Structures are given as C-alpha cells and as structure tokens.
Amino acid sequence: MIKKIPVGHVDQCQICSEKNLETILSFGHQPIVQNYLTAEQLNQPEITYPLNFCYCSNCGLAQLDYIIDQKLVFPLNYPYRTGLTNMLIKNFRSLADTLEKKYLLTTDDLIIDIGSNDGSLLKPLKDKGMKVLGIEPTNAAEDANNQGIRTIQGYFNEKIANQAVKKYGKAKIITMTNAFAHINNLFEILKGIEIMLDDDGIFVSESQYLLDMMQGLELDTIYHEHLRFYSLKPLIRLFSLTGFSLIDAETIPAAGGSIRVYAKKGQHLAGNNLKKMIKAEEAIGLYDIKKLKKYGHRMIEAKKELMALLINCQRQGARIAAIGSPARSNTLLGFTHIDNHLIDYAGEKSGSPKIGLFTPGTHIPVVDEKKLFVDQPDYALVLSWHLGKELMQLMRKLGFKGKFIMPLPQPRVVEEI
Ligand SMILES: [Zn+2]
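Remember, predicted model here, so these are calculated numbers, not experimental data.

### What about the domain arrangement of the protein?
Part 1: Here the domain parsing of the protein yields domain 1 (82–287) and domain 2 (303–414).
Part 2: Computed from C-alpha coordinates alone, the two centres of domain 1 and domain 2 are separated by 32 Å.
Part 3: Taken residue by residue, the interface counts nine residues in domain 1 and eight residues in domain 2.

### As for the environment of glycine 351
Part 1: Positionally, glycine 351 belongs in the loop between β15 (346–348) and β16 (366–368).
Part 2: In sequence terms glycine 351 and aspartate 368 are 17 residues apart; their C-alpha atoms lie 8.1 Å from each other.

### Here's the deal with the nonpolar core
Part 1: Core analysis: the largest hydrophobic core is formed by 123 residues, its most contacted members being Ile112, Ile174, Ile343 and Ala380.
Part 2: Ranked by residue count, the leading element in this core is helix α10 (residues 289–315), at six residues.
Part 3: Looking at this core, you find at least three residues from each of domain 1 (82–287) and domain 2 (303–414).
Part 4: Ignoring any residue separated from it by four or fewer positions in sequence, one finds isoleucine 112 in contact with Leu133, Ile135, Ala164, Ala171, Ile174 and Met196.

### What about the sheet that holds strand β11 (residues 228–229)?
Part 1: Ordered in space as β2-β3-β4-β11, the four strands form an open sheet in which the pairing is antiparallel. The open sheet is flanked by β2 (21–30) and β11, the only strands paired with a single partner.
Part 2: Looking at chain direction, strand β4 (residues 62–64) and β11 are connected through two bridges and run antiparallel. In the sheet register, alanine 62 faces β11, and the bridge partner there is phenylalanine 229.
Part 3: Across the sheet, α10 lies against β2 and β3 (49–56), angled at about 20° from β2, the strand it touches most.

### Re the pairing of strand β10 (residues 197–208)
Part 1: Most of β10 is tucked away, with nine of its twelve residues classed as buried.
Part 2: Relative to β10, strand β9 (residues 171–177) runs parallel, the two being bridged by six bridges. From the neighbouring strand, alanine 171 faces β10, where its bridge partner is leucine 197.
Part 3: Crossover connection from β9 via helix α6 (residues 186–196) to parallel β10: handedness right-handed.
Part 4: As defined by bridge partners, β10 adjoins strand β13 (residues 258–265) across seven bridges and the pair is classed as antiparallel. Its bridge partner lying in β13, valine 204 is registered against tyrosine 262.

### Comments concerning the sheet that holds β13
Part 1: Taken together, the seven strands give an open sheet; going across it, the order is β8-β7-β6-β9-β10-β13-β12, and neighbouring strands pair in mixed fashion. Bordering the open sheet on either side are β8 (151–153) and β12 (244–252), each of which pairs with just one other strand. The mean angle between the axes of side-by-side strands here comes to 20°, regardless of whether they run parallel or antiparallel.
Part 2: The strands that helix α5 (residues 158–168) touches are β6 (110–114), β7 (131–136) and β8; relative to β7, the one it contacts most, it runs at about 160°.

### Notes on unusual backbone geometry
Part 1: Residue leucine 408 is joined to proline 409 through a cis peptide bond whose omega torsion reads -10°.
Part 2: Looking at the element boundaries, proline 409 is found in the loop between β18 (403–406) and β19 (412–414).
Part 3: Even without being a glycine, serine 17 presents a positive backbone phi close to 70°.
Part 4: You can see serine 17 is positioned in the loop between β1 (8–9) and β2.
Part 5: By the C-beta count within 10 Å, which is 13 here, serine 17 ends up partly exposed.
Part 6: Phi is positive for histidine 363, which is not a glycine, with a value near 55°.
Part 7: Structurally, the position occupied by histidine 363 is in the loop between β15 and β16.
Part 8: Under the C-beta neighbour-count criterion, histidine 363 is labelled partly exposed, with 15 such atoms within 10 Å.

Scoring rules and cut-offs
Residue indices follow the written sequence of each chain, beginning from 1 at its first position. Local features in a predicted model are, by the rule used here, given only for residues with pLDDT of at least 70; side-chain atom pairs are given and counted only at 80 or more, and totals for whole chains, interfaces and linings are based on all residues. Domain start and stop positions are those given by an automatic or database domain assignment. Here, residues touch in the contact sense if the C-beta positions derived from the backbone fall within 7 Å of one another. Only DSSP runs of H or I reaching four residues or more are called helices, and only runs of E reaching two or more are called strands; each is numbered from the N terminus. Buried Ala, Val, Leu, Ile, Met, Phe, Trp, Tyr and Cys residues form a nonpolar core when they are connected through C-beta atoms within 7 Å. Three exposure classes are used, all based on how many other C-beta atoms lie within 10 Å of a residue's own C-beta (placed from the backbone): buried at 20 or more, exposed at 12 or fewer, and partly exposed between those limits. Strands qualify as paired when DSSP identifies two bridges or more between them. Only the contacting stretch of a helix is used when fitting its axis, a line to C-alpha atoms as for every element, and angles between N-to-C directions run 0 to 180 degrees. Note on handedness: a clockwise path from strand one over the helix to strand two, with the strands aimed away from the viewer, defines a right-handed crossover.

Structural data, given as structure tokens:
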C-alpha cells in the first residue's frame, strides 16, 4: 500500500502496487488544463508534463503514470466553481434526495463532503435540516462559508479528520464527488474517512466511469487532475485493502457518465447488482488490455478525423471558432494539435475568468461568447460536446447562425439540431 504516491513518474499501480503498468494511449506532454495564459505569459516558457493513460492488469485499474504536485493542479485560486454548472447542481439535488430516502437521514445526522468546493452538494442537505461540514483546499471554501455552509479549508488528511471528529462528532454519511479520483494520498484519505465515519455510516463517492469513457471515446476526460479512472473490480480491491466493503453502485449521467459507489466499514458480500455491473464491464473489455488498446486506437482515429475535418473546412475558406473553453477540452485540443491556426477564438459566457486569456498549450484566445453572434464564423467547434444538443440549441437561440462541429466520439458537422 502506498500511503502517498510521490510526485513525478509512477512506476507502480496506485491501488495494488504491482509494477506492470501498460500504456493504453500516450497523449505526449501536456500542460495543466487549468493553466490559462496571459498575453505576457505567451512570451515565456510553458511547462508540460507526460500524460499517459495506463492500465494495471493485476487489479484492473486504469490510471496515469505521472503525478503533478497537487498544489499546482489545484492551486488556492483554482477557478472552478461547482455552483456554476447547472448539470452538477441538478445531480447534487438528486443525490441529496437519494441519500435522505435511502438512509432515512434525520436532522441529528452529520454529513461530511470532502472536496466540497463551494458547498453545492451540502446546501440541499442543509436545507433539509441536517448538520453539514465541508472540507475543501481551495478558496472555494470561502464562498461556501459565506453562504453559511460550514467548511474547513485544507487538503484533507488524518489530522483534519481527527479535528473534525473532535469538534463535530462522527458522520452518518461521507461523500466525495469528483475528487476521489483526483488525490494522490488515496490510502491516507480512506484512513481519514474511517476516522470520521460512524460504524454503520456510508461512504458515497462519484467519479467518471471508465465504461462510459471507453464507449464514448471520451479522451478529453484524461488529464492530470484525474489520476485514476474507476471501474468496479479495482474499487472492490481498494475498499477491501482499507477495511471497507463496496456494497452498491449505480451509474449516473453526470460529467459524460459517472459511477456512484457506496461503501461501508467491515466485510459485506457484494450484491447481485454489483455482479451484474461487473459482467457488463467485462463484456465491453474493461479488464482486457487488448480491447482497451483498441479503444485507444479508436481515439487516435477520432483525432485524425477531427483534424482532417477542420483542415478541410478551413481550406474551403471557412472560419472556425469554438464554443466554450472547459478545462477538459484542453486535452482534446493539445492531443489533436488544434491550435490558434485552426480555431480563431473560443467564446466563454460573459463573466468567465478565462476571458482575455489564452488556452494552455494551444494558445487560442478566449473571448466573450457574444463575439460569436456578431462575428458569425462559419463553424463552431462544440468543446463542451458532452452537453451537445442542449448547448447547440442554446447557441442557436442566442443568435449563432453557422454550423456546429461535434468533435467526439465521431467528429461531424451538425447543421440541423
Ligand atoms: Zn493494480
């Protein structure tokens, strides 16, 4: 067991420690996806890091083999706010309802969210009358506290866990959404969770699901924030190594397809639902390196097709801009070498902190999306393609008249939405 995976190249599996990682697909060297550059920074060197999507055939975990210092990947001024993404807010409300019903929560119960960002998950639970506590390293913690969601600011570890128990007691539910795949001190985190959780409490975690990633060729979910890409078999092993059992799981639509898992202290048998889900994972090849490499190959084909499509449009005299500049799209842009020679600019919603900056690595200027409605480029590349239809309809309503290009899983021009 590695308590904390060191920064730099990793030559062993993050869960089972076996030294047999195989590369499914290499994305070359890529910058940190949130590192948007100022005009001044374009005159300076830009740091990139190896980005290799790997697989451990011993426990079945898909993972990266390079870890960047967490303080660089999630700096205190990390710009992402959960509360600004409608889809996540909807997901959190539904998770709050599910938890309340499934575990018959009462107003005496404490719910702790680790990596709680601006408190968007805890808010609906607090509104239901429960006691809540967030733990969050970035300045999003201040936003949460300002909104009355009690939040400790810090990188979660055993020390914070002990402090939290001393001050607030043990938790009936601990959640960790979209952070459980991000941290390099996985075993330390689980130790902290064990400290804070009631003996009959439940740990709930949501992460992007490897099954959806592979089937949908979602190569843009692979970047340095995501150290691991979960499926059920390695999760079962992880929990059993740390004194927990995985008791249930379900798939949810969040972030292009996610998996929500429930774990409990002690030994419990896996139910039929888990067995059925594992069968489905095996059927699509999540535990077969040859099949995984085939998915990797299809990602490379998608990259070439997208490049060809954009070059072809441009050669016919068309102008191309991008809609949105989500952090995750920077893997897609970097991997496909879609830069400021192909895309004139990327339009972000008014008020976005990215406006006036340039995309990391590919240096596409980020502007207010209103420019798209005045400038009317011939094509708009939909970088938040996982929100596809909804986003295209909105852009049409707001006045964009051109055609859309969906980059994945099959790069294509969309004229009629
Ligand atoms: Zn392993």
